[in-house]
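Residues per chain are reported as follows:
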Amino acid sequence: MGVLNRQFGMERERETATLVALAAGSFLVSLYAGYRLEGIGRTIELPLFGIEFHLISTPLWLLAGLATLLCLQQLFHEIWHHGVWLVGIYTLTGLGTTLFYVMFDQGYIWYLVTLVLLLLALFLIYWMVLEMYALRRHIQSELPDEQIVLSDWLPALPVFMIFTMLSYYCYAKWYLGEDGWTFGYARQGYLLFQLLAFGTGVYALWVPQVLLGRHIEEELQESEVLRKLLPGGGGRCPECGGEMRARGLACPECGERERVAFCDVCELYVASCPGCGLGAQVGSICGGCKLPLEGLQCTSCEHAGPVRFWSST
């Protein structure tokens, strides 16, 4: 769950819809602020390629852009490192395209700079694809019956890059006062392709979030449980050294869910001790407070009983 769920108790569906609306709204505000070449507020010229700073529209463009990234980070927090790469693809592609058409008559060095930037963007796409398919392969190795299809997602990355290139091509022609291949619609083309790039970027994150996000979140929770119950143990069974797994068990009295560590080899359970909170082997004595741990105890209703009476969740 994201920050809206943690801070305000908002349900997942409402949180998702709210974050999508906030991301789209802040993106439109940022797009509008950057769309006005004449700017809003007093203009300050910077001694760098004739760049102008507008006291109102420039900060609004930056703040609204950061708000968009924040909303997207919360919306796709399980896979946000892929979102960072998508931002990198957008930045490298936009910067390379703009420099090529604005600085093309300033020497061949700018052709080389553009080529390097676009190649870096392509490398990020390649790396993102490798990472996503490696993650899918890992999940399917753990859950053989899980079918994860990414064929519809794959074309979204090059399409996202193409829309970004076209939007900044239109922007460069609009900035230079030239028509080029925009046929007199440079301003409209910039807006259109920016909107298409934003929509494609959201789609490129939405698909893996839906298909892989739940598994990633479960693995993170499992790692957190194992670190808590087996500190310094590397997720290994204290008895046989086998790999431990996190398992959810429902209390037979109230249904409250408890997380324990379980070894498939020797069928040993490690749970949080109700006395000191340390991880202790079920059926033995806690090493921290010496409290006998004959069964599991529910943290909600304090029901205590053998593991066999608890239901797996």
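What comes next is a walk through the structure. Just so it is clear, the model here is predicted, and its values are computed rather than measured.

**Let's talk about helix α6 (residues 156–176)**
Given 3.6 residues per turn, any residue in an α-helix points the same way as the ones three and four places further on. Here α6 contains 21 residues, and its C-alpha end-to-end distance of 30 Å stays within 8% of the 30 Å for a straight helix at 1.5 Å per residue. Gly177 lies just past α6 and shows a positive phi near 75°.

**What to know about the pattern of salt bridges**
A complete count under the given rule lists one salt bridge for this structure. Lys173 is paired through a salt bridge with Glu178; the nearest N and O atoms lie 3.2 Å apart. Glu178 gets classed as partly exposed once you look at its relative accessible area, which sits at 34%.

**Examining unusual backbone geometry**
Its identity as a non-glycine residue notwithstanding, Phe183 has a phi of 55°, on the positive side. Within the secondary structure layout, Phe183 lies in the loop between α6 and α7 (186–229).

**Notes on the environment of Val20**
Mapped onto the elements, Val20 comes out in helix α2 (residues 12–35). When its relative accessible area of 35% is taken as the criterion, Val20 is described as partly exposed. Measuring from C-alpha to C-alpha, the distance between Val20 and Cys71 comes to 7.5 Å, with 51 residues separating the pair along the chain. Beyond its immediate stretch of four places on either side in the chain, Val20 contacts Leu75 and Trp206.

**Some points on α2**
Taking 1.5 Å per residue as the helical rise, α2 with its 24 residues ought to reach 34 Å, and the 34 Å between its terminal C-alpha atoms agrees with that figure. Inspection of α2 places Glu15, Thr16, Leu19, Ala23, Ser26, Phe27, Ser30, Leu31, Ala33, Gly34 and Tyr35 among the buried residues, and these make up the whole buried set.

**Considerations on the packing of helix α4 (residues 80–102) against α6**
Helices that pack against each other are described as a pair by the angle of their axes relative to one another and the distance between those axes. Two elements in contact, α4 and α6, have axes whose closest approach is 8 Å; the angle formed by their N-to-C orientations is 35°. Between α4 and α6 lies a crossing whose hand is right-handed. From α4, Leu86, Ile89, Tyr90, Thr93, Gly94, Thr97, Thr98, Tyr101 and Val102 reach across to α6, where they touch Leu157, Phe160, Met161, Thr164, Met165, Tyr168, Tyr169, Ala172, Lys173 and Leu176. Looking at the contact of α4 with α6 residue by residue, the class counts come to 13 nonpolar, five polar and one charged.

**Considerations on the packing of aromatic side chains**
Using the criterion set out here, one finds 15 aromatic pairs in the structure. Judged by centre distance (4.8 Å) and plane angle (70°), the rings of Tyr101 and Tyr169 are edge-to-face. With Tyr101 in helix α4 and Tyr169 in helix α6, this pair connects stretches of sequence that are 68 residues apart. On the basis of relative accessible area, Tyr101 is assigned to the partly exposed category, the value being 25%. Arranged with centres 6.2 Å apart and planes meeting at 25°, the rings of Phe123 and Trp127 form a pair that is stacked.

**A word on a nonpolar patch on the surface**
Taken together, the side chains of Ile109, Leu112, Leu115, Val116, Leu119, Leu120 and Leu122 define a hydrophobic patch exposed on the protein surface, amounting to about 630 Å² of accessible area. In this fold, Leu115 is placed in helix α5 (residues 109–142). By relative accessible area, Leu115 is classed as partly exposed at 47%.

**Side note on the packing of α2 against helix α3 (residues 57–75)**
Orientation of α2 relative to α3, taken along the N-to-C sense of each, is 155°, at an axis distance of 8 Å. Classified by the angle between their axes, α2 and α3 sit roughly antiparallel to one another. The element α2 and its partner α3 pack so that their crossing is left-handed. Contact with α2, carried on its side by Arg12, Thr16, Leu19, Val20, Leu22, Ala23, Ser26, Phe27, Val29, Ser30, Ala33 and Gly34, involves Ser57, Leu60, Trp61, Ala64, Gly65, Ala67, Thr68, Cys71, Leu72, Gln74 and Leu75 of α3 and no other residues of that element. Tallied by class, residues from the contact of α2 with α3 come to 14 nonpolar, eight polar and one charged.

**Some words on the environment of Phe262**
When you line up the elements, Phe262 lands in strand β4 (residues 257–263). The class for Phe262 is buried, based on a relative accessible area of 8%. Taking the C-alpha atoms as reference, Phe262 lies 6.2 Å from Ala246; in sequence the two are 16 residues apart. Apart from residues lying up to four places away in sequence, Phe262 is in contact with Glu243, Met244, Arg245, Arg247, Glu267, Leu268 and Tyr269.

**What to know about the nonpolar core**
Residues Leu86, Ile89, Trp153 and Leu157 are the most contacted members of the largest nonpolar core, which totals 49 residues. Of all elements in the fold, only α2, α3, α4, α5, α6 and α7 reach the threshold of two or more residues within this core. In terms of residues, this core owes the most to one element, α5, which gives eleven residues. The contacts of Leu86, once residues within four sequence positions are left out, are Met128, Leu157, Phe160, Gly201, Ala204 and Leu205. Cys251, Tyr269, Cys298 and Trp310 belong to the second-largest nonpolar core, a separate cluster that totals 15 residues.

Conventions used here
In every chain, residue numbers begin from 1 and rise along the written sequence. Confidence filtering applies because this is a predicted model: local features only for residues at pLDDT of at least 70, side-chain atom pairs given and counted only at 80 or more, and all residues used for totals across whole chains, interfaces and linings. Water and hydrogen atoms play no part in the side-chain values, which are based on all heavy atoms of the structure. Note on conventions: DSSP H or I runs of at least 4 residues are helices, E runs of at least 2 residues are strands, and numbering of each starts at the N terminus. Take the number of residues in a helix, subtract one, and multiply by 1.5 Å to get its expected span. Any Lys or Arg side-chain nitrogen located within 4 Å of an Asp or Glu carboxyl oxygen qualifies as a salt bridge. Throughout, exposure labels follow a simple rule: accessible area from a 1.4 Å probe, protein chains only, divided by the maximum for the residue type, with under 20% read as buried, over 50% as exposed, and the rest as partly exposed. Should any heavy atoms of two residues lie within 4.5 Å, those residues are counted as being in contact. Angles shown run from 0 to 180 degrees and are taken between the N-to-C directions of axes, each axis being a line fitted to C-alpha atoms and, for helices, limited to the stretch in contact. Less than a right angle of anticlockwise turn of the near helix away from the far helix marks a crossing as left-handed, whereas a clockwise turn marks it as right-handed. Charged means Asp, Glu, Lys or Arg here, nonpolar means Ala, Val, Leu, Ile, Met, Phe, Trp, Tyr, Cys or Pro, and polar covers whatever is left, Gly included. Any two rings among Phe, Tyr and Trp, with Trp reduced to its six-membered ring, count as a pair given centres within 6.5 Å; such a pair is stacked if its planes are under 30 degrees apart, edge-to-face if over 60, and tilted if neither. Like-charged residues within 9 Å of one another, or nonpolar side chains (Val, Leu, Ile, Met, Phe, Trp, Tyr) within 5 Å, are grouped into patches, provided each residue has over 30% relative accessible area and no salt bridge. The accessible surface values rely on the Shrake-Rupley method and a 1.4 Å probe; as for residues, cover is taken only from the protein chains in view. Should an angle fall under 35 degrees it is taken as roughly parallel, and over 145 as roughly antiparallel, whereas 65 to 115 is taken as roughly perpendicular and any remaining angle as oblique. To define a nonpolar core, start from buried Ala, Val, Leu, Ile, Met, Phe, Trp, Tyr and Cys residues and group those joined through side-chain atoms within 4.5 Å.

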